[in-house]
Amino acid sequence: MRVLFASSEVFPLVKTGGLADVSGALPAALAEAGIDIRILLPGYSQALDAIAAKKVVGTLGDPLGVGAEVRLLSGKLPDSGVPVWLVECPSLFERAGGPYQDAQGRDWADNALRFGLLSWVAAHLCTEASPVKWRPQVLHLNDWQTGLAPAYLQAWGVANPPPTAFTIHNIAYQGQFPAETVARLHLPPEMYAMDGFEYYDTLSFLKAGLFYSDRITTVSPRYAKEIQTAAFGCGMEGLLAHRAADLTGILNGADYQVWNPAQDAHLVHPFTPGDSDGKAANKAALQAELGLAQTPDVPLMVIVSRLNDHKGMDLVLAALPNILRLGAQVAVVGTGDRPLEDGFHAAAAAHPSQVAARIGYSEPLAHRMMAGGDMLLMPSRFEPCGLTQFYAFRYGTVPVAHATGGLADTLVDTGYDTLMTGSANGFVFEHCNAGAFQWAVERAIGLYGRKDQWARIIKSCVGQDFGWSRSAKRYMDLYKAMTGEAKGKRKA
Ligand code: ADP
Ligand code: GLC
(Lines give C-alpha, C1' and ligand atoms only; values in the text may rest on other atoms or scores of the structure.)
(Ligands and ions follow the chains in the order given, each with its own letter.)
Protein backbone atom coordinates (compact mmCIF):
# COMPACT_ATOMS: atom_id res chain seq x y z
CA MET A 1 0.00 0.00 0.00
CA ARG A 2 1.34 3.43 -1.00
CA VAL A 3 0.79 6.26 1.49
CA LEU A 4 1.79 9.91 1.18
CA PHE A 5 2.24 11.42 4.66
CA ALA A 6 2.27 15.24 4.60
CA SER A 7 3.46 17.20 7.62
CA SER A 8 4.95 20.60 8.43
CA GLU A 9 7.61 19.24 10.82
CA VAL A 10 9.51 15.97 11.04
CA PHE A 11 12.10 14.89 13.62
CA PRO A 12 15.12 15.02 13.31
CA LEU A 13 14.92 17.53 10.45
CA VAL A 14 12.78 20.25 11.99
CA LYS A 15 10.86 20.20 15.26
CA THR A 16 8.80 22.54 17.41
CA GLY A 17 6.83 19.88 19.29
CA GLY A 18 5.20 16.49 19.28
CA LEU A 19 3.99 16.66 15.66
CA ALA A 20 7.63 16.31 14.58
CA ASP A 21 8.17 13.28 16.81
CA VAL A 22 5.06 11.61 15.39
CA SER A 23 5.91 12.51 11.79
CA GLY A 24 9.36 10.96 12.20
CA ALA A 25 8.40 7.82 14.08
CA LEU A 26 4.99 6.80 12.73
CA PRO A 27 6.09 6.63 9.07
CA ALA A 28 9.11 4.59 10.17
CA ALA A 29 6.84 2.16 12.02
CA LEU A 30 4.52 1.96 9.02
CA ALA A 31 7.45 1.34 6.67
CA GLU A 32 8.62 -1.44 8.96
CA ALA A 33 5.16 -2.96 8.75
CA GLY A 34 5.37 -3.02 4.96
CA ILE A 35 3.71 0.25 3.94
CA ASP A 36 5.36 2.05 1.03
CA ILE A 37 5.37 5.49 2.64
CA ARG A 38 6.75 8.87 1.57
CA ILE A 39 6.85 11.91 3.81
CA LEU A 40 6.11 15.31 2.24
CA LEU A 41 7.68 18.30 4.01
CA PRO A 42 8.46 21.90 3.06
CA GLY A 43 12.07 22.34 1.95
CA TYR A 44 13.11 24.41 4.97
CA SER A 45 16.80 25.30 5.15
CA GLN A 46 17.23 23.01 8.19
CA ALA A 47 15.73 20.07 6.28
CA LEU A 48 17.84 20.70 3.17
CA ASP A 49 20.97 20.91 5.33
CA ALA A 50 20.18 17.74 7.28
CA ILE A 51 19.62 15.54 4.23
CA ALA A 52 22.93 15.02 2.50
CA ALA A 53 21.95 13.17 -0.66
CA LYS A 54 19.05 14.83 -2.49
CA LYS A 55 17.74 14.27 -5.99
CA VAL A 56 15.36 16.37 -8.04
CA VAL A 57 12.42 14.09 -8.75
CA GLY A 58 10.18 16.52 -10.56
CA THR A 59 9.26 20.10 -11.34
CA LEU A 60 5.92 21.57 -10.40
CA GLY A 61 5.89 24.89 -12.24
CA ASP A 62 4.82 27.96 -10.27
CA PRO A 63 1.29 26.94 -9.24
CA LEU A 64 0.57 29.79 -6.83
CA GLY A 65 2.53 32.53 -8.57
CA VAL A 66 5.49 33.04 -6.28
CA GLY A 67 7.71 33.94 -9.24
CA ALA A 68 9.90 30.86 -9.33
CA GLU A 69 9.66 27.23 -10.27
CA VAL A 70 8.82 24.86 -7.43
CA ARG A 71 10.66 21.54 -7.44
CA LEU A 72 10.28 18.27 -5.60
CA LEU A 73 13.46 16.86 -4.06
CA SER A 74 13.81 13.39 -2.63
CA GLY A 75 16.02 12.19 0.19
CA LYS A 76 15.95 9.90 3.20
CA LEU A 77 15.33 10.53 6.88
CA PRO A 78 18.53 10.13 8.87
CA ASP A 79 18.44 6.91 10.96
CA SER A 80 15.20 5.33 9.76
CA GLY A 81 15.90 5.88 6.04
CA VAL A 82 12.22 6.62 5.32
CA PRO A 83 11.91 8.45 1.95
CA VAL A 84 11.17 12.17 2.26
CA TRP A 85 10.03 14.54 -0.45
CA LEU A 86 10.88 18.18 0.09
CA VAL A 87 8.96 21.00 -1.58
CA GLU A 88 11.74 23.24 -2.81
CA CYS A 89 10.71 26.90 -2.98
CA PRO A 90 13.55 29.07 -1.63
CA SER A 91 11.57 32.31 -1.33
CA LEU A 92 8.99 30.63 0.91
CA PHE A 93 10.97 28.08 2.90
CA GLU A 94 14.68 28.92 2.97
CA ARG A 95 15.03 31.53 5.66
CA ALA A 96 16.53 31.84 9.14
CA GLY A 97 13.95 31.13 11.84
CA GLY A 98 11.42 28.46 12.73
CA PRO A 99 8.94 26.67 10.49
CA TYR A 100 6.05 28.95 11.47
CA GLN A 101 7.65 31.99 13.05
CA ASP A 102 10.65 34.27 12.79
CA ALA A 103 13.33 34.46 15.47
CA GLN A 104 11.25 37.05 17.38
CA GLY A 105 8.30 34.67 17.62
CA ARG A 106 6.12 36.44 15.04
CA ASP A 107 4.18 34.27 12.57
CA TRP A 108 5.63 34.52 9.06
CA ALA A 109 3.39 36.95 7.19
CA ASP A 110 3.12 34.58 4.22
CA ASN A 111 2.15 31.42 6.12
CA ALA A 112 -1.05 31.06 4.07
CA LEU A 113 0.99 30.91 0.89
CA ARG A 114 3.67 28.66 2.42
CA PHE A 115 1.26 26.04 3.69
CA GLY A 116 -1.15 26.61 0.84
CA LEU A 117 1.70 25.47 -1.39
CA LEU A 118 2.44 22.46 0.81
CA SER A 119 -1.24 21.46 0.59
CA TRP A 120 -1.32 22.12 -3.17
CA VAL A 121 1.69 19.86 -3.75
CA ALA A 122 0.22 17.08 -1.57
CA ALA A 123 -2.95 17.17 -3.68
CA HIS A 124 -1.11 17.49 -6.99
CA LEU A 125 0.93 14.34 -6.29
CA CYS A 126 -2.38 12.47 -6.17
CA THR A 127 -3.35 13.44 -9.71
CA GLU A 128 -2.53 12.34 -13.26
CA ALA A 129 -0.57 15.58 -13.66
CA SER A 130 1.94 14.57 -10.95
CA PRO A 131 5.54 14.67 -12.19
CA VAL A 132 6.27 11.38 -10.42
CA LYS A 133 4.97 7.94 -11.29
CA TRP A 134 4.53 6.86 -7.67
CA ARG A 135 0.88 7.69 -6.93
CA PRO A 136 -0.45 7.39 -3.35
CA GLN A 137 -3.36 5.09 -2.55
CA VAL A 138 -3.97 7.05 0.66
CA LEU A 139 -3.17 10.68 1.41
CA HIS A 140 -2.51 11.17 5.15
CA LEU A 141 -2.55 14.82 6.28
CA ASN A 142 -1.54 16.34 9.59
CA ASP A 143 -2.82 19.53 11.22
CA TRP A 144 -3.96 22.78 9.60
CA GLN A 145 -0.81 23.27 7.53
CA THR A 146 -1.95 20.44 5.23
CA GLY A 147 -5.69 21.08 5.54
CA LEU A 148 -6.24 22.53 2.07
CA ALA A 149 -5.06 19.39 0.25
CA PRO A 150 -8.47 17.65 0.22
CA ALA A 151 -10.07 20.98 -0.70
CA TYR A 152 -7.83 21.21 -3.79
CA LEU A 153 -8.72 17.63 -4.75
CA GLN A 154 -12.38 18.55 -4.47
CA ALA A 155 -11.93 21.84 -6.33
CA TRP A 156 -10.12 20.19 -9.24
CA GLY A 157 -12.76 17.47 -9.55
CA VAL A 158 -10.05 14.82 -9.67
CA ALA A 159 -11.36 11.48 -10.97
CA ASN A 160 -10.77 8.65 -8.48
CA PRO A 161 -8.69 10.61 -5.99
CA PRO A 162 -7.06 8.56 -3.22
CA PRO A 163 -9.00 8.65 0.05
CA THR A 164 -7.74 11.23 2.53
CA ALA A 165 -7.19 10.98 6.29
CA PHE A 166 -6.70 14.13 8.32
CA THR A 167 -5.08 13.85 11.76
CA ILE A 168 -5.72 16.53 14.38
CA HIS A 169 -2.70 16.93 16.63
CA ASN A 170 -3.99 20.08 18.28
CA ILE A 171 -7.32 21.65 17.42
CA ALA A 172 -6.35 24.97 19.00
CA TYR A 173 -4.17 25.81 15.98
CA GLN A 174 -6.48 26.43 13.04
CA GLY A 175 -4.71 28.43 10.32
CA GLN A 176 -7.24 31.22 9.77
CA PHE A 177 -6.59 33.81 7.07
CA PRO A 178 -8.50 36.72 5.50
CA ALA A 179 -11.11 36.03 2.82
CA GLU A 180 -8.90 37.35 0.00
CA THR A 181 -6.55 34.39 0.62
CA VAL A 182 -9.07 32.17 -1.21
CA ALA A 183 -8.29 33.81 -4.57
CA ARG A 184 -4.58 34.10 -3.76
CA LEU A 185 -4.45 30.32 -3.30
CA HIS A 186 -6.43 29.69 -6.49
CA LEU A 187 -9.35 28.14 -4.66
CA PRO A 188 -12.87 28.47 -6.04
CA PRO A 189 -14.94 31.19 -4.33
CA GLU A 190 -17.96 28.91 -3.96
CA MET A 191 -16.06 26.75 -1.47
CA TYR A 192 -15.81 29.80 0.79
CA ALA A 193 -19.09 28.85 2.45
CA MET A 194 -20.41 27.36 5.65
CA ASP A 195 -20.46 24.00 3.87
CA GLY A 196 -16.83 24.47 2.94
CA PHE A 197 -13.77 26.15 4.43
CA GLU A 198 -15.31 29.45 5.48
CA TYR A 199 -15.20 29.99 9.21
CA TYR A 200 -16.50 33.21 10.78
CA ASP A 201 -15.56 35.28 7.73
CA THR A 202 -12.11 33.75 7.37
CA LEU A 203 -10.56 30.95 5.37
CA SER A 204 -9.80 28.15 7.85
CA PHE A 205 -7.23 25.59 6.74
CA LEU A 206 -8.28 23.35 9.63
CA LYS A 207 -11.94 23.46 8.69
CA ALA A 208 -10.99 22.57 5.10
CA GLY A 209 -9.22 19.48 6.41
CA LEU A 210 -12.10 18.52 8.67
CA PHE A 211 -14.75 19.17 6.05
CA TYR A 212 -13.22 17.67 2.91
CA SER A 213 -11.23 14.67 4.25
CA ASP A 214 -12.74 11.22 4.06
CA ARG A 215 -11.63 10.29 7.55
CA ILE A 216 -10.54 12.28 10.58
CA THR A 217 -8.29 10.94 13.30
CA THR A 218 -6.87 12.45 16.42
CA VAL A 219 -4.09 11.35 18.69
CA SER A 220 -5.96 9.79 21.62
CA PRO A 221 -9.41 8.25 22.12
CA ARG A 222 -10.24 10.66 24.95
CA TYR A 223 -9.39 13.73 22.84
CA ALA A 224 -11.59 12.35 20.04
CA LYS A 225 -14.52 12.60 22.46
CA GLU A 226 -13.45 15.88 24.04
CA ILE A 227 -13.21 17.81 20.75
CA GLN A 228 -16.87 17.10 20.08
CA THR A 229 -17.72 19.33 23.05
CA ALA A 230 -17.70 23.12 23.32
CA ALA A 231 -15.13 23.01 26.13
CA PHE A 232 -12.44 21.46 23.90
CA GLY A 233 -13.60 21.80 20.30
CA CYS A 234 -12.35 25.39 19.79
CA GLY A 235 -15.41 26.10 17.64
CA MET A 236 -15.14 22.92 15.54
CA GLU A 237 -17.26 20.79 17.92
CA GLY A 238 -20.40 21.03 15.77
CA LEU A 239 -18.66 19.91 12.60
CA LEU A 240 -16.85 17.14 14.47
CA ALA A 241 -19.99 15.87 16.16
CA HIS A 242 -21.60 15.83 12.71
CA ARG A 243 -18.66 13.77 11.39
CA ALA A 244 -18.43 11.55 14.50
CA ALA A 245 -18.84 8.38 12.40
CA ASP A 246 -15.65 9.25 10.49
CA LEU A 247 -13.64 10.32 13.54
CA THR A 248 -11.29 7.94 15.41
CA GLY A 249 -8.81 8.43 18.23
CA ILE A 250 -5.55 6.53 17.78
CA LEU A 251 -3.07 6.93 20.61
CA ASN A 252 0.42 8.13 19.69
CA GLY A 253 3.47 6.06 20.54
CA ALA A 254 7.00 6.69 21.74
CA ASP A 255 10.11 6.25 19.64
CA TYR A 256 12.23 4.04 21.87
CA GLN A 257 15.17 4.33 19.47
CA VAL A 258 15.38 8.00 20.38
CA TRP A 259 14.13 7.68 23.97
CA ASN A 260 16.07 4.77 25.41
CA PRO A 261 17.97 5.51 28.63
CA ALA A 262 20.29 2.55 28.06
CA GLN A 263 21.52 4.01 24.76
CA ASP A 264 21.10 7.72 25.12
CA ALA A 265 24.08 9.70 23.86
CA HIS A 266 22.86 12.81 25.71
CA LEU A 267 23.31 11.18 29.12
CA VAL A 268 26.53 11.14 31.13
CA HIS A 269 25.36 7.91 32.74
CA PRO A 270 23.17 5.81 30.43
CA PHE A 271 21.15 3.35 32.52
CA THR A 272 18.81 0.40 32.18
CA PRO A 273 15.16 1.38 32.75
CA GLY A 274 14.35 0.75 36.40
CA ASP A 275 17.97 0.77 37.61
CA SER A 276 17.78 3.00 40.69
CA ASP A 277 21.53 3.54 40.99
CA GLY A 278 21.70 4.67 37.38
CA LYS A 279 18.80 7.00 38.02
CA ALA A 280 20.54 8.45 41.10
CA ALA A 281 23.71 9.11 39.11
CA ASN A 282 21.72 11.01 36.48
CA LYS A 283 19.89 12.99 39.14
CA ALA A 284 23.17 14.05 40.75
CA ALA A 285 24.57 15.00 37.33
CA LEU A 286 21.46 17.05 36.51
CA GLN A 287 21.52 18.86 39.86
CA ALA A 288 25.19 19.69 39.24
CA GLU A 289 24.56 20.84 35.67
CA LEU A 290 21.73 23.13 36.75
CA GLY A 291 23.41 24.42 39.91
CA LEU A 292 20.78 22.93 42.21
CA ALA A 293 21.59 21.74 45.74
CA GLN A 294 23.20 18.28 45.58
CA THR A 295 20.57 16.55 47.71
CA PRO A 296 19.79 12.98 46.62
CA ASP A 297 16.70 12.57 48.80
CA VAL A 298 14.85 15.73 47.85
CA PRO A 299 12.30 15.14 45.03
CA LEU A 300 13.38 16.78 41.77
CA MET A 301 10.41 17.81 39.61
CA VAL A 302 11.13 18.49 35.96
CA ILE A 303 9.25 20.24 33.16
CA VAL A 304 10.02 19.74 29.47
CA SER A 305 7.42 21.77 27.69
CA ARG A 306 6.26 24.68 25.67
CA LEU A 307 5.49 27.36 28.25
CA ASN A 308 1.91 28.49 27.76
CA ASP A 309 -1.57 28.28 29.23
CA HIS A 310 -2.41 25.16 27.21
CA LYS A 311 0.34 23.39 29.15
CA GLY A 312 -0.96 24.84 32.45
CA MET A 313 2.35 26.49 33.22
CA ASP A 314 0.59 29.33 35.04
CA LEU A 315 -0.66 26.70 37.50
CA VAL A 316 2.91 25.64 38.18
CA LEU A 317 3.92 29.22 38.93
CA ALA A 318 0.87 29.64 41.18
CA ALA A 319 1.66 26.47 43.15
CA LEU A 320 5.43 27.01 43.15
CA PRO A 321 5.77 28.78 46.53
CA ASN A 322 4.00 25.87 48.25
CA ILE A 323 5.96 23.26 46.33
CA LEU A 324 9.19 24.92 47.40
CA ARG A 325 7.97 25.08 51.01
CA LEU A 326 7.62 21.29 50.87
CA GLY A 327 11.33 21.15 50.03
CA ALA A 328 11.12 19.90 46.43
CA GLN A 329 13.31 21.12 43.56
CA VAL A 330 11.85 22.25 40.23
CA ALA A 331 13.76 22.35 36.93
CA VAL A 332 12.33 23.67 33.66
CA VAL A 333 13.46 23.54 30.06
CA GLY A 334 11.02 25.34 27.82
CA THR A 335 10.12 28.32 25.71
CA GLY A 336 6.88 30.10 25.09
CA ASP A 337 4.93 33.01 26.50
CA ARG A 338 7.10 35.78 27.84
CA PRO A 339 5.35 36.27 31.23
CA LEU A 340 5.73 32.56 31.98
CA GLU A 341 9.37 32.54 30.91
CA ASP A 342 9.94 35.57 33.14
CA GLY A 343 8.08 33.92 36.02
CA PHE A 344 10.34 30.86 35.94
CA HIS A 345 13.42 33.04 35.55
CA ALA A 346 12.44 35.09 38.57
CA ALA A 347 11.77 31.99 40.68
CA ALA A 348 15.16 30.57 39.73
CA ALA A 349 16.88 33.85 40.59
CA ALA A 350 15.13 33.95 43.98
CA HIS A 351 15.76 30.26 44.82
CA PRO A 352 18.85 29.15 42.90
CA SER A 353 19.42 26.00 44.93
CA GLN A 354 15.81 24.86 44.47
CA VAL A 355 14.68 26.14 41.05
CA ALA A 356 16.44 26.05 37.67
CA ALA A 357 15.01 27.60 34.51
CA ARG A 358 16.60 27.01 31.13
CA ILE A 359 14.55 29.11 28.77
CA GLY A 360 15.14 27.78 25.30
CA TYR A 361 14.89 24.65 23.24
CA SER A 362 17.42 21.92 23.93
CA GLU A 363 16.97 18.33 22.85
CA PRO A 364 20.01 17.12 24.90
CA LEU A 365 18.82 18.83 28.08
CA ALA A 366 15.31 17.44 27.55
CA HIS A 367 16.84 13.94 27.66
CA ARG A 368 18.89 14.70 30.78
CA MET A 369 15.80 16.13 32.50
CA MET A 370 13.89 12.91 31.84
CA ALA A 371 16.82 10.89 33.16
CA GLY A 372 17.52 12.99 36.25
CA GLY A 373 14.02 13.96 37.36
CA ASP A 374 11.87 12.12 39.88
CA MET A 375 8.59 13.55 38.62
CA LEU A 376 7.45 15.23 35.40
CA LEU A 377 4.91 18.03 35.84
CA MET A 378 2.19 18.13 33.13
CA PRO A 379 -0.80 20.16 34.35
CA SER A 380 -2.04 20.68 30.75
CA ARG A 381 -5.52 22.22 30.46
CA PHE A 382 -5.95 20.02 27.40
CA GLU A 383 -3.53 17.54 25.86
CA PRO A 384 -4.39 15.84 22.58
CA CYS A 385 -1.96 13.06 23.42
CA GLY A 386 1.25 14.31 25.00
CA LEU A 387 4.45 12.42 24.36
CA THR A 388 6.62 13.44 27.27
CA GLN A 389 4.71 11.19 29.68
CA PHE A 390 5.79 8.21 27.52
CA TYR A 391 9.42 9.32 27.66
CA ALA A 392 9.14 9.94 31.42
CA PHE A 393 7.79 6.42 32.00
CA ARG A 394 10.74 4.84 30.23
CA TYR A 395 13.22 6.96 32.21
CA GLY A 396 11.58 6.15 35.57
CA THR A 397 10.20 9.66 36.03
CA VAL A 398 6.66 9.74 37.38
CA PRO A 399 4.16 12.10 35.68
CA VAL A 400 1.95 14.42 37.72
CA ALA A 401 -0.75 15.39 35.27
CA HIS A 402 -4.26 16.66 34.61
CA ALA A 403 -6.71 13.94 33.52
CA THR A 404 -7.33 15.15 29.99
CA GLY A 405 -6.85 13.84 26.43
CA GLY A 406 -4.00 11.40 26.05
CA LEU A 407 -2.93 11.96 29.65
CA ALA A 408 -6.25 10.55 30.82
CA ASP A 409 -5.80 7.60 28.45
CA THR A 410 -2.29 6.71 29.60
CA LEU A 411 -2.04 7.56 33.29
CA VAL A 412 -3.33 5.55 36.22
CA ASP A 413 -3.57 7.58 39.40
CA THR A 414 -1.78 6.31 42.48
CA GLY A 415 -4.20 5.14 45.13
CA TYR A 416 -4.43 2.24 47.51
CA ASP A 417 -5.94 -0.12 44.91
CA THR A 418 -3.73 0.81 41.98
CA LEU A 419 -0.60 0.55 44.13
CA MET A 420 -1.66 -2.91 45.24
CA THR A 421 -2.40 -4.10 41.71
CA GLY A 422 0.80 -2.54 40.37
CA SER A 423 -0.96 -0.35 37.83
CA ALA A 424 -0.29 3.07 39.44
CA ASN A 425 1.97 5.04 37.12
CA GLY A 426 1.39 8.67 38.05
CA PHE A 427 -0.48 11.28 40.02
CA VAL A 428 -3.58 12.56 38.31
CA PHE A 429 -5.98 15.39 39.13
CA GLU A 430 -9.43 15.93 37.66
CA HIS A 431 -10.16 19.65 38.07
CA CYS A 432 -7.63 21.86 36.41
CA ASN A 433 -6.81 24.48 39.03
CA ALA A 434 -3.74 25.35 41.10
CA GLY A 435 -5.20 23.79 44.27
CA ALA A 436 -5.92 20.43 42.65
CA PHE A 437 -2.52 20.42 40.98
CA GLN A 438 -0.81 21.23 44.24
CA TRP A 439 -2.64 18.42 46.01
CA ALA A 440 -1.43 15.96 43.37
CA VAL A 441 2.13 17.25 43.84
CA GLU A 442 1.80 16.85 47.61
CA ARG A 443 0.60 13.27 47.20
CA ALA A 444 3.56 12.58 44.92
CA ILE A 445 6.00 14.05 47.43
CA GLY A 446 4.40 11.99 50.21
CA LEU A 447 4.78 8.74 48.27
CA TYR A 448 8.29 9.63 47.20
CA GLY A 449 9.23 9.46 50.89
CA ARG A 450 7.96 5.84 51.06
CA LYS A 451 10.76 4.18 49.12
CA ASP A 452 9.11 0.75 48.84
CA GLN A 453 5.93 2.23 47.41
CA TRP A 454 7.78 4.60 45.13
CA ALA A 455 9.68 1.60 43.76
CA ARG A 456 6.36 -0.05 42.88
CA ILE A 457 5.26 3.02 40.92
CA ILE A 458 8.58 3.17 39.05
CA LYS A 459 8.28 -0.51 38.24
CA SER A 460 4.90 0.00 36.68
CA CYS A 461 6.11 3.11 34.75
CA VAL A 462 9.13 1.45 33.17
CA GLY A 463 7.28 -1.79 32.44
CA GLN A 464 4.85 -0.21 30.00
CA ASP A 465 5.17 -0.49 26.27
CA PHE A 466 3.96 2.50 24.30
CA GLY A 467 6.05 1.64 21.23
CA TRP A 468 4.67 2.66 17.86
CA SER A 469 3.88 -0.79 16.48
CA ARG A 470 0.41 -1.04 18.06
CA SER A 471 -0.63 2.41 16.86
CA ALA A 472 0.87 1.80 13.42
CA LYS A 473 -1.35 -1.27 13.15
CA ARG A 474 -4.41 0.88 13.87
CA TYR A 475 -3.42 3.31 11.10
CA MET A 476 -2.93 0.39 8.72
CA ASP A 477 -6.40 -0.92 9.53
CA LEU A 478 -7.74 2.55 8.84
CA TYR A 479 -5.91 2.79 5.50
CA LYS A 480 -7.26 -0.63 4.50
CA ALA A 481 -10.79 0.35 5.42
CA MET A 482 -10.44 3.61 3.48
CA THR A 483 -9.13 2.01 0.30
CA GLY A 484 -11.84 -0.65 0.52
CA GLU A 485 -14.49 2.05 0.79
CA ALA A 486 -12.97 4.00 -2.09
CA LYS A 487 -13.15 0.91 -4.34
CA GLY A 488 -16.74 0.37 -3.30
CA LYS A 489 -17.58 3.97 -4.16
CA ARG A 490 -16.02 3.68 -7.61
CA LYS A 491 -18.00 0.55 -8.44
CA ALA A 492 -21.25 2.14 -7.31
P1 ADP B 1 3.37 19.46 22.17
O2 ADP B 1 3.53 18.90 20.82
O3 ADP B 1 1.99 19.94 22.46
O4 ADP B 1 4.38 20.49 22.49
P5 ADP B 1 4.14 16.80 23.13
O6 ADP B 1 4.26 16.27 24.51
O7 ADP B 1 3.37 16.00 22.17
O8 ADP B 1 3.58 18.28 23.24
O9 ADP B 1 5.58 16.95 22.47
C10 ADP B 1 6.53 17.84 22.90
C11 ADP B 1 7.85 17.44 22.31
O12 ADP B 1 8.72 18.58 22.31
C13 ADP B 1 8.58 16.38 23.11
O14 ADP B 1 9.43 15.65 22.25
C15 ADP B 1 9.42 17.22 24.08
O16 ADP B 1 10.53 16.53 24.55
C17 ADP B 1 9.81 18.37 23.19
N18 ADP B 1 10.09 19.64 23.86
C19 ADP B 1 9.20 20.55 24.33
N20 ADP B 1 9.84 21.63 24.81
C21 ADP B 1 11.15 21.41 24.65
C22 ADP B 1 12.34 22.16 24.94
N23 ADP B 1 12.28 23.37 25.48
N24 ADP B 1 13.53 21.61 24.63
C25 ADP B 1 13.58 20.39 24.05
N26 ADP B 1 12.52 19.64 23.76
C27 ADP B 1 11.32 20.15 24.05
C1 GLC C 1 0.28 18.25 19.52
C2 GLC C 1 -0.34 18.05 20.88
C3 GLC C 1 0.28 16.93 21.68
C4 GLC C 1 0.53 15.71 20.81
C5 GLC C 1 1.33 16.10 19.60
C6 GLC C 1 1.62 14.93 18.68
O7 GLC C 1 1.34 19.12 19.53
O8 GLC C 1 -0.36 19.25 21.63
O9 GLC C 1 -0.55 16.58 22.76
O10 GLC C 1 1.21 14.72 21.55
O11 GLC C 1 0.64 17.05 18.85
O12 GLC C 1 0.45 14.32 18.21
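Predicted model, so just to flag it, every value in this text is computed and none were measured.

Chemist: Talk me through the overall build of the protein chain; I want residue IDs and the actual numbers.
Modeler: If you tally the helices and strands in the protein chain, you get 19 helices and 18 strands. Relative to its length of 492 residues, the protein chain is compact, with a C-alpha radius of gyration of 23 Å against a globular reference of 23 Å. For the C-alpha atoms alone, the extent of the protein chain along its principal axes is close to 65 × 45 × 45 Å. Considering the protein chain as a whole, with its 492 residues, one finds that 58% of them fall into the buried category. Taking the contacts inside the protein chain whose residues are at least 6 apart along the sequence as the reference set, 71% of them involve residues at least 24 apart.

Chemist: Any chance you could break down the sheet that holds strand E12 (residues 247–249) for me, citing the residues and the numbers?
Modeler: The strands that make up a sheet pair up through hydrogen bonds in the backbone, lying either parallel or antiparallel. Reading across from one edge, E3-E4-E5-E2-E1-E6-E7-E11-E12 is the order of the 9 strands in this open sheet, with mixed pairing throughout. Bordering the open sheet on either side are strand E3 (55–59) and E12, each of which pairs with just one other strand. Between one strand axis and the next, the sheet turns through 25° on average, direction left out of account. With 6 bridges joining them, strand E4 (residues 71–76) and strand E5 (residues 83–88) adopt antiparallel strand pairing. Its bridge partner being in E5, Leu72 is matched across the sheet by Val87. Packing against the sheet, helix H1 (residues 18–32) makes contact with strand E1 (2–6), strand E2 (36–42) and strand E6 (138–142), and its axis sits at approximately 160° to E2. Of the strands in this sheet, E6 and strand E7 (164–168) are in contact with helix H5 (residues 149–156), which crosses E6 at around 135°.

Chemist: Explain unusual backbone geometry residue by residue, including any values.
Modeler: A cis amide bond, omega 5°, links Phe11 with the succeeding residue Pro12. Checked against the element boundaries, Pro12 lands in the loop between E1 and H1. In this model, Asn160 sits at a positive phi of 50°, which is unusual for a non-glycine residue. Relative to the helices and strands, Asn160 resides in the loop between H5 and E7. A positive phi angle is found at Cys234, which is not glycine, with a value near 50°. Overall, Cys234 belongs to the partly exposed group, its relative accessible area being 36%.

Cut-off values and rules
- Numbering of residues begins from 1 in every chain and follows the order in which that chain's sequence is written.
- Ligands are numbered from 1 and chains lettered from A, in the order in which they are written.
- Note on the predicted model: pLDDT of at least 70 is required for a residue's local features to be given, and 80 or more for side-chain atom pairs to be given and counted; whole-chain, interface and lining totals, by contrast, use all residues.
- Just so you know, side-chain values use all the structure's heavy atoms and leave hydrogens and water out.
- Helix and strand assignments follow DSSP, with helices taken as H or I runs no shorter than four residues and strands as E runs no shorter than two, numbered in order from the N terminus.
- We compute the radius of gyration over the C-alpha atoms and compare it with the globule rule, which gives 2.2 Å times the number of residues raised to the power 0.38.
- Think of it in three bands: with a 1.4 Å probe and only protein chains considered, a residue is buried below 20% of the maximum accessible area for its type, exposed above 50%, and partly exposed in between.
- Contact definition: two residues touch when any of their heavy atoms are within 4.5 Å.
- Here, any two strands with at least 2 DSSP bridges between them count as paired.
- Between N-to-C directions, angles span 0 to 180 degrees; the directions come from axes that are lines fitted to C-alpha atoms, helices contributing only their stretch in contact.

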